[in-house]
Amino acid sequence: MLMIARKTGIERANICRYVATLRKAGAITLIRKGFCPITGFRAGFFTTNIAQFREGGLEG
């Protein structure tokens, strides 16, 4: 979410809220977990690309 905030200029708090709304609607899914290239901490990587959704996803 920090990477998107920096690329778009949208505050991270707003992106978190958008992601929560999209997750409830089933329009976004977690595709992998890894380390954030900016902070170095563990992070989830999401997609809205339905072609990349897995059956149940990593969240299901």
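Going along each chain's sequence as written, the residues are numbered from 1 onward. Reporting in this predicted model follows two pLDDT cut-offs: at least 70 for local features of residues, and 80 or more for side-chain atom pairs to be given and counted; totals over whole chains, interfaces and linings ignore these cut-offs and use all residues. Hydrogen atoms and water are omitted, and side-chain values are computed over all heavy atoms in the structure.

J.: How do you make sense of the overall build of the protein chain when you look at a structure like this?
T.: Each helix and strand counted, the protein chain has two helices and two strands in total. The secondary structure elements of the protein chain, listed N-terminal to C-terminal, are α-α-β-β. For the protein chain, the spread of C-alpha atoms along the principal axes amounts to about 30 × 20 × 15 Å. For the protein chain, the accessible area works out to roughly 4800 Å², and carbon and sulfur atoms hold 54% of it. For helices the rule is a DSSP run of H or I covering at least 4 residues; for strands it is a run of E covering at least 2, with both sets numbered from the N terminus onward. The protein chains shown are the only cover counted for residues, whose accessible areas, like all others here, come from Shrake-Rupley with a 1.4 Å probe.

J.: In this structure, what is going on with helix α2 (residues 12-25)? I would like to understand it.
T.: Since the α-helix advances by 3.6 residues per turn, residues separated by three or four positions end up pointing in the same direction. Here the expected length of a helix is defined as 1.5 Å per residue gap, with one fewer gap than residues. A rise of 1.5 Å per residue sets the reference length of α2, with its 14 residues, at 20 Å; its end C-alpha atoms lie 20 Å apart and thus fit the reference within 8%. Once α2 finishes, Gly26 follows within two positions and takes phi at roughly 75°, a positive value.

J.: Teacher, can you tell me more about the pairing of strand β1 (residues 29-35) here?
T.: Moving residue by residue along a regular strand, the side chains alternate between the two faces of the sheet. Pairing analysis gives six bridges linking β1 to strand β2 (residues 42-47), with the strands arranged antiparallel. Within β2, the position partnered with Gly34 by the bridge is Ala43. Paired strands, in this sense, are two strands between which DSSP finds at least two bridges. Linking β1 back to β2 in an antiparallel pair, the connection comprises six residues, with Gly40 at a positive phi of about 85°.

J.: Sorry, what's going on with the confidence of the model for the protein chain here?
T.: Reading fine detail from the predicted coordinates is not recommended where pLDDT is low. Across the protein chain, the average pLDDT comes to 89, with 90% of residues at 70 or higher. No element of the protein chain has a lower mean pLDDT than β1, at 93, and none a higher one than α2, at 95. As a per-residue measure, pLDDT tells how confident the predictor is, with possible values from 0 to 100.

J.: Help me out: how do you make sense of the environment of Arg54 in this one?
T.: Mapping Arg54 onto the fold places it in the segment after β2. Residue Arg54 is classed as exposed on the basis of its relative accessible area, which comes to 52%. The spacing of Arg54 and Cys36 is 18 residues in sequence and 22 Å in space, taken between C-alpha atoms. For the exposure calls, accessible area comes from a 1.4 Å probe over protein chains only, and a residue counts as buried if that area is under 20% of its type's maximum, exposed if over 50%, partly exposed in between.

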